[in-house]
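Listed below, chain by chain, are the residues.
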Amino acid sequence: MTDHDPTGRRSFLKYSGALGAAAALSTSLSACSSGPKSTNDTGGGGGKGGGSSLTAVIGYGNDGSWDPTQTASAFCMAGNQHIYEGLLDTDPITREPYAALATKIPSDAELASTSWKFTLRAGATWHDGKPVTADDVVFVFDRILDPGTQSLAKGFFESWLKEVRKTGDDSVELVLKFPFPDGAARLTLAKIMPKHVFSKPGAWDEATKGKAVGSGPYRQTSHQPKTNTTFEAFDAYNGPRKPSFRKMNWLTIVDAAPRVAKISGGSADAQIADNIPYANIGQLKKGGLTVEGGAGMNNLFLMFNTAHKPFDDVRVRQALHYAIDKQKMIEVALRGHGKAASSFLNEGNPDHRPAKTVYDYDPGKAKKLLKEAGVSGLTVTLTSNNVSWIVDCLPTIKASWDAIGVKTTLDPQETTAVFTKLDQKKDYQIVAAASNPNQFGLDADLIMHYNYGPQNVWMGYARWAGNSDAKHLFKLMDQATQEPDPAKKKAMIQEYIDIVAEQAVLYPVVHNELMTAWDPKKITGVRAQPYPGINVLQAKPA
């Protein structure tokens, strides 16, 4: 997974894309450089939380946006899962909804209607001691649905949610545009935030920079960008998933070697780490650690600038996909922890089936397509972010393209540099990076809208939204969203995924497995996630 978070930059506001903030691409900011310290002590009593402390190592930057309505940052989203609550939240593995700030999950009959009613949990309080009210719920959804405010969360709600009404001091009604049962699991993406804190002038900028005040089991106690973020158990929390640790210190260490060193050997001072390099799995297991993987949507994708010839020609895009020796990439770079993409969705997704166009390794077909497109002597620069596993995959791409006569230059850069150029609409040819929509959920409608849509920032980066094929695709996507019959909806989604595969504007090359390591003598109940970050709401000290 990557951890690009363009939502935290003012340049994002140039885009009208409801999913504009959705780029979740790997940060390569050095974890060794220290940023300015900002504390966020909200008052409120610290918790005992079982009396133990946890040190975690996260392989992504903590200096992205912490605004829950905006962020796609792996570190910040994982942290927010412990700080904030939605009306409903979802299990980090099964993604099944459970009642969080709300007292219950809507019944099947309610989910099939256009009115969902919720009562808030009695006694729920913010980390500063003030009570959670219906006004807070309406405040957050008003922001998400506001036509004048562009946010990542808007793209997850505006197509099906009409409005949220206050029906009492501790009750609300969600009014839907049409029945949309899949929306229940999405409510975790609308973290409820205190109106009295974030309605103040400049408060949303403060949220972007790291200010976090929630009602969840842990409160944020300090935040040092590029270094660490600390948490403390919240004594007044009375929800379903209690804190097990008195204090937590999450370190951001993007570079692989120091991240592994923090959790291994006799001097290890961390109990859990995500983003474990494949090359270190054996070493860590021999040292007594548990190392497990989660397979999901994490993928290396190629994105083409369709305004830069010859990448406006679908045959050229297809040729470069057919040319890549994916099995070699999986064996050499991913140490067997990956699968060649047979669809935009990974094979474990319940809506997966092979697309009509599958890019099996076929250099002969690649050469033929280039010839049909009238392209010869092509020279390309492949820009990428420099997260370690992406960089490991690049030599296979270069060798594959060189072999069909496409002279290839690799240009790995820090993620912020890559996406600043894209935000500024500077020219490029092809970008290789990673993405993982699973951090938002599993439903195919959400995943595909995360990447494709008429006002989506990815389509802005690819310069493709105005294409006639794109307009046809977006129309089919809207029709599928509103289809009430699950079987018909699945078929419609598969139909437009075939178009996405054929067009290959932004398309995965391989899906890979994300590895998490922990010390079973110090922490139990951990489940490896198929997306970046950690969730320790069900873990306990050993």
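Fair warning: this is a prediction, and the values are worked out from it, not measured in the lab.

*Asks:* Explanation requested: the side chain of T71 in the structure shown.
*Replies:* As for its placement among the helices and strands, T71 is situated in the loop between β2 (53-58) and α1 (74-83). The exposure class of T71 is buried, given its relative accessible area of 3%. Here S65 takes part through its backbone oxygen, which lies 2.5 Å from a polar atom of the side chain of T71. From its side chain, T71 meets the backbone nitrogen of S73 in a polar contact 3.0 Å long.

*Asks:* Help me understand the pairing of strand β10 (residues 247-252), please; the structure alone is not making it clear to me.
*Replies:* Remark: a regular strand shows side chains that alternate across the two faces of the sheet. Pairing of β2 with β10 involves six bridges; the strand directions are parallel. Counterpart to L54 in the pairing with β10 is M248.

*Asks:* What is the right way to look at the packing of helix α15 (residues 444-451) against helix α17 (residues 468-482) in this model?
*Replies:* Two quantities define a packed helix pair, namely the angle between the axes and the distance from one axis to the other. The interhelical angle for the contact between α15 and α17, taken along N-to-C directions, is 155 degrees, at an axis separation of 11 Å. Looking at the two axes, α15 sits roughly antiparallel to α17. For the pair α15 and α17, the sense of crossing is left-handed. Here D445, M448 and H449 of α15 come into contact with α17, specifically with M477, D478 and T481. Of the residues belonging to the contact of α15 with α17, the class tally is two nonpolar, two polar and two charged.

*Asks:* Which parts of the structure should I look at to understand unusual backbone geometry?
*Replies:* Peptide bonds are trans in most cases, and residues, glycine excluded, mostly fall at negative phi. Geometrically, the link from K309 to P310 is a cis peptide bond, its omega value of 5 degrees lying close to zero. For P310, the location among the structural elements is in the loop between β12 (290-304) and α10 (314-322). Even without being a glycine, A504 presents a positive backbone phi close to 50 degrees. You can see A504 is positioned in the loop between α18 (486-503) and β17 (506-518).

*Asks:* Just checking my understanding: could you explain the nonpolar core for this structure?
*Replies:* Where a protein is soluble and globular, its nonpolar side chains tend to be buried together. Ranked by internal contacts, the top residues of the largest apolar core, which has 165 residues, are F141, F157, W401 and Y452. Sequence-distant contacts of F157, that is, excluding residues within four places in its chain, are made with F141, I144, L145, R186, L187, L189 and A190.

*Asks:* Would you take a moment to explain α17 for this structure?
*Replies:* In an α-helix, one turn spans 3.6 residues, which is why side chains three or four residues apart end up on the same side. Here α17 contains 15 residues, and its C-alpha end-to-end distance of 22 Å stays within 8% of the 21 Å for a straight helix at 1.5 Å per residue. Where α17 is concerned, the buried positions are A470, L473, F474, L476, M477, A480 and T481. One face of α17 carries all of its buried residues, which in axial projection span an arc of 160 degrees. Seen from the buried face of α17, the exposed residues on the opposite side, beyond 90 degrees, are S468, K471 and K475. Between the side-chain oxygen of the N-cap and the backbone nitrogen of D469 there are 2.7 Å, and the N-cap of α17 in question is N467.

Parameters at a glance
- Residues numbered from 1 in each chain as written.
- Predicted model: local features only at pLDDT ≥ 70, side-chain atom pairs only at ≥ 80, totals over all residues.
- Heavy atoms only, no water.
- Helix = DSSP H or I, 4+ residues; strand = E, 2+ residues; numbered from the N terminus.
- Buried < 20%, exposed > 50% of the residue type's maximum accessible area, 1.4 Å probe, protein only.
- Polar contact = N/O pair within 3.5 Å; in protein donor to acceptor, adjacent residues only side chain to side chain.
- Pairing = 2+ DSSP bridges.
- Axes fitted to C-alpha atoms, helices over the stretch in contact; angles between N-to-C directions.
- Parallel < 35°, antiparallel > 145°, perpendicular 65-115°, else oblique.
- Left-handed = near helix turned anticlockwise from the far one by under 90°.
- Contact = heavy atoms within 4.5 Å.
- Nonpolar A, V, L, I, M, F, W, Y, C, P; charged D, E, K, R; others polar.
- Core = buried A, V, L, I, M, F, W, Y, C linked by side-chain atoms within 4.5 Å.
- Expected span 1.5 Å × (residues − 1).
- Arc of directions from axis to C-beta.

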